[in-house]
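A structural walkthrough
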Amino acid sequence: MALLKILHYPDPRLRTVAKPVNEFDDSLATLVANMAQTMYEAVGIGLAATQVNVHKQVIVMDLSEDHSDLKVFINPVIEQASEQWVTHQEGCLSVPGVFDEVSRPDLIGVRAYDIHGQPFELQAQGLLAVCLQHEMDHLNGKVFVDYLSRLKQGRIKTKMQKAEKLATADSVPPLY
Ligand code: NI
């Protein structure tokens, strides 16, 4: 297994629309294993392949506290969404240190495939529904920041670019 590099907002590659998975093979299993490891290492509860610069419709998620409930969603589609919307505080591994409120449908019905290519259906509510919609947005090139005001988006961009500059400065090898 290997840790993958997580793209940070406003990296334009986060805007790429992911393609459906056609082959449920070893390379998919490796991608899922690496994504799970990367998510756990980064202390996240969900990760979309888009965030590691792989533009396939693959999501990993684990809402448990002890990494005991890994969920994998391949080619997920929202079949129904409730009229009732709820607001949750969201964060994102691609936008570290930023949290804000986003409103989404409370209850969703999702159809997806597992890692072996078996289709399944799921009714999701609460955190699971929020997380699934957040990750499915990533597959469509969308980030939760897009739901916030232009003013907030501008502030977040500036903050991220400053942090990126600092990180790059740190990684420059010493010159002798
Ligand atoms: Ni995210």
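The structure presented is a predicted model; accordingly, all values stated were derived computationally and were not measured.

Quick look at the overall build of the protein chain now. Counting its secondary structure elements, the protein chain contains three helices and seven strands. When the helices and strands of the protein chain are listed from N to C terminus, the series reads α-β-β-β-β-β-β-β-α-α. Relative to the 2.2 N^0.38 estimate, which gives 16 Å for 176 residues, the radius of gyration of the protein chain is 17 Å and therefore close to what a compact globule would have. Considering only C-alpha atoms, the protein chain reaches an extent of 55 × 40 × 30 Å along its principal axes. Relative to its full complement of 176 residues, the protein chain shows a buried share of 41%.

Here we take up the pattern of salt bridges. Applying the stated criterion across every chain yields a total of seven salt bridges. We note a salt bridge from Asp11 to Arg13, for which the minimum N-O separation is 2.8 Å. In this structure, Lys71 and Asp69 form a salt bridge, with 2.8 Å as the shortest nitrogen-oxygen distance. We classify Lys71 as partly exposed; its relative accessible area is 24%. Via salt bridges that share partners, Glu90, Arg104 and Asp137 belong to a single interconnected network.

Further remarks concern the sheet that holds strand β1 (residues 46–48). Taken in spatial order, the five strands of this open sheet run β1-β2-β3-β6-β7, and their pairing is antiparallel. Each having just a single partner strand, β1 and β7 (119–125) make up the two edges of the open sheet. Across the sheet, the mean angle separating the axes of adjacent strands is 40° when strand polarity is ignored. Bridging between strand β3 (residues 71–81) and strand β6 (residues 107–113) involves five bridges; their strand directions are antiparallel. Paired with Ile74 across the strands is Tyr113, a residue of β6. Of the strands in this sheet, β1, β2 (58–61) and β3 are in contact with helix α1 (residues 26–41), which crosses β2 at around 40°. Each of β1, β2, β3, β6 and β7 touches helix α2 (residues 126–139); the most contacted strand, β7, lies at about 120° to it.

Position of Asp100 among the secondary structure elements: in strand β5 (residues 100–105). Within the structure, Asp100 has its side chain in polar contact with the side chain of Lys152 (distance 3.0 Å). Contacts of Asp100, omitting those with residues within four sequence positions, involve His88, Gln89, Glu90, Phe144, Leu148 and Lys152.

The rules behind each value
- Residues numbered from 1 in each chain as written.
- Predicted model: local features only at pLDDT ≥ 70, side-chain atom pairs only at ≥ 80, totals over all residues.
- Heavy atoms only, no water.
- Helix = DSSP H or I, 4+ residues; strand = E, 2+ residues; numbered from the N terminus.
- Rg over C-alpha atoms; globule rule 2.2 N^0.38 Å.
- Buried < 20%, exposed > 50% of the residue type's maximum accessible area, 1.4 Å probe, protein only.
- Salt bridge = Lys/Arg side-chain N within 4 Å of Asp/Glu carboxyl O.
- Pairing = 2+ DSSP bridges.
- Axes fitted to C-alpha atoms, helices over the stretch in contact; angles between N-to-C directions.
- Contact = heavy atoms within 4.5 Å.
- Polar contact = N/O pair within 3.5 Å; in protein donor to acceptor, adjacent residues only side chain to side chain.

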